[in-house]
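# Structural description and commentary
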Amino acid sequence: MADLDELALALPETTKELSDGRPTYRVHGKLLCVHRSRRADALDPDTGERLDDVLMLRVPDLDVKEPILADDRGLFFTT
């Protein structure tokens, strides 16, 4: 999370807010990234437990989202 903080806050006009200890980053007031709380739409495929380490990233459109989701490492998912 320290790396995320450093990277996000290096962007111009980025702000950080905390909600239940989890950061939300905004650029020019628009959502960029959120450390999500546990939700039913993000489950560990092996245990079925709700994931606690999910970062939600906002992207401008499907032309950006689809190549990210196509990454074969399985790091990214959509809900």
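Residues numbered from 1 in each chain as written. Predicted model: local features only at pLDDT ≥ 70, side-chain atom pairs only at ≥ 80, totals over all residues. Heavy atoms only, no water.

## A short note on the overall build of the chain
- In terms of regular secondary structure, the chain is built from two helices and four strands.
- When the elements of the chain are put in sequence order from the N terminus, they spell out α-β-β-β-β-α.
- When the backbone C-alpha atoms are referred to their principal axes, the chain occupies close to 40 × 30 × 20 Å.
- Of all 79 residues assigned to the chain, the portion counted as buried reaches 20%.
- Taking the intrachain contacts of the chain between residues at least 6 apart in sequence as the baseline, contacts between residues at least 24 apart amount to 17%. (Helix = DSSP H or I, 4+ residues; strand = E, 2+ residues; numbered from the N terminus. Buried < 20%, exposed > 50% of the residue type's maximum accessible area, 1.4 Å probe, protein only. Contact = heavy atoms within 4.5 Å.)

## Focus: the environment of Asp-5
- In this fold, Asp-5 is placed in helix α1 (residues 2-10).
- Through-space distance from the C-alpha of Asp-5 to that of Gly-21 is 13 Å; in sequence the pair is 16 residues apart.
- Ignoring sequence-local partners within four residues, the contact set of Asp-5 consists of Lys-16 and Tyr-25.
- Separated by 2.5 Å, the side chains of Asp-5 and Tyr-25 make a polar contact. (Polar contact = N/O pair within 3.5 Å; in protein donor to acceptor, adjacent residues only side chain to side chain.)

## Observations concerning the sheet that holds strand β2 (residues 22-27)
- With antiparallel pairing, the four strands of this open sheet are ordered in space as β1-β2-β3-β4. Strands at the two margins of the open sheet, each flanked by one partner only, are β1 (14-19) and β4 (55-57). Taken pair by pair, the neighbouring strands of this sheet meet at an average axis angle of 20°, ignoring direction.
- Across three bridges, the pairing between strand β3 (residues 30-35) and β4 is antiparallel. Across the sheet, His-35 pairs through a bridge with Leu-55, a residue of β4.
- Where α1 meets the sheet, it contacts β1, β2, β3 and β4, and its direction lies at approximately 140° from that of β1. (Pairing = 2+ DSSP bridges. Axes fitted to C-alpha atoms, helices over the stretch in contact; angles between N-to-C directions.)

By themselves, these observations are geometric and do not establish any function.
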